[in-house]
Structure formats: C-alpha cells, structure tokens
Amino acid sequence: MDYEGGSLPWIRGTADNAGHGAPTDRTKRSFQVKSGDKVDTFGANGTYGRGAHDFARRETMLTYLNNGTLTLEVHLRSRKKAESSGYVPSNSFNNNMLKGFNNEEMSDVTFEVGGEVESAGNRRKRAKTTATTFHASHVILRLNAPSLADMCRSGDEAAVPIIGVEPEVFKMLLYFCYGGKISEDELAVNAKAIIEAADRFGLVNLKLQAEAVLTEKLEITVDNLLDNLLYANSKNLALFQESIMDFVAENGDNVIGNVSFDDVPGNLMSDLLTAFSQGKKASGSSAPDDDLKLMRVGELRKRLHDKGLCVDGSRETMIALLRENSASDETAAEER
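All of these numbers come straight from a predicted model, not from anything done at the bench.

The rules behind each value
Residues numbered from 1 in each chain as written. Predicted model: local features only at pLDDT ≥ 70, side-chain atom pairs only at ≥ 80, totals over all residues. Heavy atoms only, no water. Pairing = 2+ DSSP bridges. Helix = DSSP H or I, 4+ residues; strand = E, 2+ residues; numbered from the N terminus. Axes fitted to C-alpha atoms, helices over the stretch in contact; angles between N-to-C directions. Salt bridge = Lys/Arg side-chain N within 4 Å of Asp/Glu carboxyl O. Buried < 20%, exposed > 50% of the residue type's maximum accessible area, 1.4 Å probe, protein only. Phe/Tyr/Trp six-rings, centres within 6.5 Å; stacked < 30°, edge-to-face > 60°. pLDDT = per-residue confidence, 0-100. Contact = heavy atoms within 4.5 Å. Parallel < 35°, antiparallel > 145°, perpendicular 65-115°, else oblique. Left-handed = near helix turned anticlockwise from the far one by under 90°.

Remarks on the sheet that holds strand β4 (residues 109-113)
Across the sheet, three strands lie side by side as β7-β4-β8; this open sheet has mixed pairing. The open sheet is flanked by β7 (132-136) and β8 (160-162), the only strands paired with a single partner. Strand-to-strand twist in this sheet, taken as the mean axis angle between neighbours without regard to direction, amounts to 30°. By the bridge criterion, five bridges tie β4 to β7 in an arrangement that is antiparallel. Within β7, the residue paired with F111 across the bridge is F134.

Below you can see the structure in the form of structure tokens.
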C-alpha cells in the first residue's frame, strides 16, 4: 500500500473488505489510519480515504486472532515528489563580486606591493623585490578590511605602497575581501604570513581561519612551545595559545626544568592555570556551565559572534566583553 508522507501514525486493523475472503487474500484487504481525532480508511489499492469504514464484522476479526493477538503485516512506500521542471539559479552575488577582483576598470584605488620586504633572517635588513600592482574598490575594502581602507581614499591617483607583505599573500587577502575562499593548503603554507597581514589590515575572519589551520597543523613540542607561546600572545591568537597551554598542562613533567618561563608575560600564567582547571573539569570535577573563566576559546568566540561582538582578542578581552554585554542587557531589561 502507498502512504504519502512517511510512516503511518496509527493503524487500527486489517481484514478482508466485508468479512469475506481468506486472511491471505491481500487484494481485498483494507486499512484504517488515525490522524488526530479523525479516522480514515484506505484500501489495498493505496487510494487514500476511499475504503469502507466498517470493513469487517467483529466476529470475523475474532477468527484472525492468534492467542488473543491480531497480527498486522504492513507494507509502506513513500512517494517521491516530482522534481520541478523549472530551473532557478542561485544568488549570483558572490560570483559577480569575484569578477571585480583586481579589475582595474571596476576599481578606484591602487596598491604597489613589494619593492622592499623585511628579511626573515634579520629584520634590520630589507631586500629589494619587484613591486606588484593590485587594484581594488574602496567600498569593498571599507566593509572587509577597514584598516587597509584607512590607508587610501576613493579616486586616489597615486598607488599606495605596501611594505612588509609578499605580493602573493596580499593577493590572497584581496581575494578574500571579494568573497574568495583560501584553500586549507594555502593557509597552511602561508599561515603566519597571512595572520600577520590579516591582523595588520583588519581581516579578522581570515586571521582566525589561518590561526585554526596553524593550530591543527603545527605540532607543539618542548623545544618550540616557548617561541610559539610568545608569538601567539603577541598576535592575540587565543585558540593557538590555548592549544599550547593544553600541551603544557598535559606534559608538565617534561616541561618543568626544560623550559624557562622567566620572560613570559604574567597574564599567560592565568591562561596556564585555566588549562589545568579545564583538564580537571574534563576529568570529572564539576564547574558551572556558564563559568566564562573555564570556557574554551571556541565557545567564547561563538557567544561573541552570536551577539554580534568582535571575536578577535585574548581570553581576558573576550571574557570582559561578554560580561560587559551581559551587564548592559541586564540594565536594559530593568529599565523596560
């Protein structure tokens, strides 16, 4: 039998259509289904609502009992809705935006990237490179890279020089501003360079994407944890810093005596204690679910994002912002 819409809510009984025929005569069986307070019957042909309501006599139904039990065999088949013959294209906004990427005719600001780049080995020295020209729309930069937009004005004839960023990295940033997606492989290879540039020009989401890949791909060891910890702290990479603190908390026996924390900022000690406390909470110690001090970075960022607040910052900054917002909400509620 057919029942459009899925499984039956409730089947009342089954028998031959007027008390006639053998129990195995499936061509004459009818069924009743209950939807809310209404009971409808449909027959073996699967046509909904056309069966007889009194499909069998009581004495007939009793002959079908087996030790007082009426056994039903139900065959269900869902009907697949016919696909629409009309084609409706998706929103073309993203594709249209990408058509304007680095398009001189659709742009009103120009950047010259390179020409002089800091040497990785010695930051006092600068290496000469060939400058690369990029074109962009000031409106798009204002919405997606505000710090970069502050460096220029719409219609400026002179190109804005960008020093300290590789042209390929700047291209990724500009592509991201226009709605482009940077692959995980590209993020992994250029993670720190992208974080540096994204942090400098105000591309928070790209910075956090690169941080997430860096956190996943980079293996923390006793030998490199201090350098990475100081780097994470300097760039407000709360997620990366949390993973390093987790490593310290889990490998304390190997860290103690092999790593000096003399030059580590005092605020990081609070994060280290948090990592130990989070470990105890995970192992069974109880703690309030809304205890912001013990909340993971991912949850803090999610709460900030849900409230429309900035998700970039240290643990302390995020917690303070959430508390400030909560206090504001409580004050507003009291004033109503």
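A few points about the pattern of salt bridges
Scanning the entire structure with this criterion turns up 13 salt bridges. The residue E211 makes a salt bridge to R301 at a minimum N-O spacing of 2.9 Å. Placement of E211 in helix α8 (residues 204-217) and of R301 in helix α13 (residues 297-306) is noted, with a sequence separation of 90 residues between them. Residue classification places E211 among the buried residues on the basis of a relative accessible area of 0%. Judged by relative accessible area, which is 10%, R301 ranks as buried.

Quick notes on the packing of aromatic side chains
Centre distance and the angle of the planes are the two values used to describe a pair of aromatic rings. In total, this model carries five aromatic pairs according to the counting rule given. For the pair F134 and F170, a centre-to-centre distance of 5.4 Å together with 50° between the ring planes defines the contact as tilted. In this pair, F134 sits in strand β7 while F170 sits in helix α5 (residues 167-177), placing the two residues 36 residues apart along the sequence. Note on F134: relative accessible area 4%, which makes it buried. Owing to a relative accessible area of 1%, F170 belongs among the buried residues under this scheme. Through a chain of ring-to-ring contacts, three or more aromatic side chains come together here, namely F111, F134, F170 and F201.

Observations concerning the confidence of the model for the chain
In this model, the chain carries an average pLDDT of 79, and 74% of its residues clear a pLDDT of 70 or more. In the model, residues 1-28 has pLDDT below 50 throughout and makes 74 contacts with residues more than four positions away in sequence or in other chains. Considering only residues more than four positions removed or in separate chains, one finds that residues 42-47, a stretch of pLDDT under 50, has 19 contacts.

Structural notes on α5
Across the 11 residues of α5, eight count as buried, placing the element largely inside the fold. P167, V169, F170, M172, L173, L174, F176 and C177 are the residues of α5 that are buried. Residue G179 follows α5 closely and has a positive phi angle near 95°.

So, the packing of α8 against helix α10 (residues 238-250)
Taken N-terminus to C-terminus, the directions of α8 and α10 make an angle of 20°; their axes are 8 Å apart at the nearest point. In terms of orientation, α8 lies roughly parallel with respect to α10. The element α8 and its partner α10 pack so that their crossing is right-handed. The residues of α10 that touch α8, namely those facing E211, A212, L214 and T215, are A238, L239, F240 and S243.

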